[in-house]
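One-letter residues, chain by chain:
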Amino acid sequence: MTATFRAGDLVLLYQDSRRHWITRAGEGRFHTHRGYLDLKDIVGMESGVSVKTSLGQSLAVFKPRLSDLVESFDRPTQILYPKDIGYAIYMLGLKNGDSVVEVGTGSGALTAAIAQSVAPDGRVYTYENRNEFLRAAQKNVRKGSISRLVTFRNIDPAEGFLERNADAAVIDLGDPWRLVAPAWEALAGGGVLAAFTPTVNQLEKLADALRKNMFLVLEAVELLVREFKTEAGKVRPESRMIGHTAYVTIARKVASKE
Ligand SMILES: C[S@@+](CC[C@H](N)C(=O)[O-])C[C@H]1O[C@@H](n2cnc3c(N)ncnc32)[C@H](O)[C@@H]1O
């Protein structure tokens, strides 16, 4: 269904495949180096149309996707890359209605993606021990329409998450092994865990803790993405690529019989 803009809606404007900006439909003008656009003219417009600035520059007008919004997030912490987020969400099997516990929130990039995956009836309980990061993440996540699905907790959950019977647990911090036993307690039987570790030393300690705490380690992977130039006659990989980011570990809770 084609979406129509109302006053106050976020709008993504594309000049070409590289240059793009996010603004709001309604009041004021948006300026490019080739003219301006009256933002009130966007109200009532359908997503996907092309408009012209006062000097004839074409701009494509879209509803932003979550990935577009995350690009505009403030980043007081390192955030996960789309390749790692997307893979983890798929392997966690997230769906509408799921309940997910997460630590640490950081800038909220992963939190927002999880919330979108469990919408409209699911819930994310995200833990962050640094208040300033939590506040930045709250502000970031409010840019999407999914913030009502997120409960922010300014607590270190090493002594235990407040939730039980969660469908999934997600860990993205420096010492993930400390959170493995609390994650086991928070998960429902068969619940899935994803953890992100930048170094193999952390991965080794994490995998050891998972095995000692009744998790089945399904896999630890590194994802490499190679972007391509797509200009006719010159289609080839880009010269540069993102090298190492994080290892993604996926595990499942095995409940004891007792
Ligand atoms: C790498 S960042 C997470 C980034 C996040 N996944 C994102 O994509 O925006 C790790 C976060 O974990 C938080 N953290 C570290 N130890 C913690 C703990 N014991 N309890 C709660 N948060 C913790 C840090 O303050 C930091 O904000």
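Caption draft 1: Layout of the overall build of the protein. Across its full length, the protein holds six helices and 15 strands. The principal-axis extent of the C-alpha atoms belonging to the protein is close to 70 × 45 × 35 Å. Evaluated residue by residue, the protein yields a buried proportion of 46% over its 258 residues. Put simply, 63% of the contacts in the protein that link residues at least 6 apart link residues at least 24 apart. Separation between the mean location of the 34 positive side-chain charges and that of the 30 negative ones in the protein comes to 4 Å.

Caption draft 2: Inspection of the sheet that holds strand 1 (residues 10-14) at higher detail. The strand order 2-1-6-5 describes an open sheet built from four strands, whose pairing is antiparallel. Looking along the sheet, the strands with just one partner apiece sit at the ends: strand 2 (20-24) and strand 5 (49-52). Across the sheet, the mean angle separating the axes of adjacent strands is 35° when strand polarity is ignored. Pairing of strand 1 with strand 2 involves five bridges; the strand directions are antiparallel.

Caption draft 3: Quick look at the packing of aromatic side chains. The tally for this structure, following the rule as stated, stands at three aromatic pairs. Ring geometry for tyrosine 127 versus phenylalanine 161: centroids 4.9 Å apart, planes at 85°, classification edge-to-face. On the criterion of sequence distance, the pair formed by tyrosine 127 in strand 8 (residues 123-127) and phenylalanine 161 in the loop between strand 9 (150-153) and strand 10 (166-171) is long-range, its members being 34 residues apart. Classification of tyrosine 127 by relative accessible area gives buried; the value is 1%. Given the relative accessible area of 4%, phenylalanine 161 is considered buried.

Caption draft 4: The nonpolar core, seen in detail. In this structure, Leu94, Ile114 and Phe196 are the most contacted members of the largest nonpolar core, which totals 38 residues. At the level of secondary structure, the elements contributing two or more residues to this core comprise helix 1 (66-71), helix 2 (82-92), helix 3 (109-118), helix 4 (131-141), strand 9, strand 10, strand 11 (187-197) and strand 15 (247-253). At seven residues, helix 3 tops the list of elements feeding residues into this core. Not counting residues up to four positions away in its chain, the partners in contact with phenylalanine 196 are Leu80, Asp84, Ala88, Leu110, Val170, Ile171, Asp172, Leu173, Ala246, Tyr247 and Val248. With 21 residues, the next largest nonpolar core counts Tyr125, Ile171, Val180 and Ala186 among its residues.

Caption draft 5: Focus on the site of the ligand. Near the ligand lie 23 residues; those nearest to it are Leu80, Ser107, Glu128, Asp156 and Asp172. Residue glutamate 128 places a side-chain N or O atom 2.6 Å away from an oxygen atom belonging to the ligand. Aspartate 156 is positioned such that a nitrogen or oxygen atom in its side chain is 3.1 Å from a nitrogen atom of the ligand. Here the ligand is seated within the second largest pocket. Its residues assigned to classes, the shell around the ligand comprises ten nonpolar, eight polar and five charged.

Caption draft 6: Looking closely at helix 4. Looking only at helix 4, the buried set comprises Phe133, Leu134, Ala136, Ala137, Asn140 and Val141. Across the axial projection of helix 4, the buried residues extend over an arc of 165°, all falling on one side. Tucked inside the fold, the buried residues of helix 4 contact helix 3 and strand 9.

Caption draft 7: Molecular detail of the pairing of strand 7 (residues 99-103). Taking burial as the measure, the five residues of strand 7 include five buried ones, the bulk of the element. Where burial is concerned, the two faces of strand 7 agree: the one with Ser99, Val101 and Val103 and the one with Val100 and Glu102 are both buried. Following the chain from strand 7 across helix 3 to the adjacent parallel strand 8, one finds a crossover that is right-handed.

Caption draft 8: Representation of the environment of isoleucine 242. Counting through the fold element by element, isoleucine 242 comes out in the loop between strand 14 (236-237) and strand 15. Judged by its relative accessible area of 43%, isoleucine 242 falls in the partly exposed class.

Rules used in this analysis
Residues numbered from 1 in each chain as written. Predicted model: local features only at pLDDT ≥ 70, side-chain atom pairs only at ≥ 80, totals over all residues. Heavy atoms only, no water. Helix = DSSP H or I, 4+ residues; strand = E, 2+ residues; numbered from the N terminus. Buried < 20%, exposed > 50% of the residue type's maximum accessible area, 1.4 Å probe, protein only. Contact = heavy atoms within 4.5 Å. Lys, Arg positive; Asp, Glu negative; His and termini not counted. Charge placed at Lys NZ, Arg CZ, Asp CG, Glu CD. Pairing = 2+ DSSP bridges. Axes fitted to C-alpha atoms, helices over the stretch in contact; angles between N-to-C directions. Phe/Tyr/Trp six-rings, centres within 6.5 Å; stacked < 30°, edge-to-face > 60°. Core = buried A, V, L, I, M, F, W, Y, C linked by side-chain atoms within 4.5 Å. Near = heavy atom within 4 Å. Polar contact = N/O pair within 3.5 Å; in protein donor to acceptor, adjacent residues only side chain to side chain. 1 Å grid on protein atoms, 1.4 Å probe; cavity = no way out; pocket = protein on both sides within 12 Å on 5 of 7 lines; lining within 4 Å. Sits in = over half its atoms within 2 Å of the grid points. Nonpolar A, V, L, I, M, F, W, Y, C, P; charged D, E, K, R; others polar. Arc of directions from axis to C-beta. Right-handed = clockwise from strand over helix to strand, strands pointing away.

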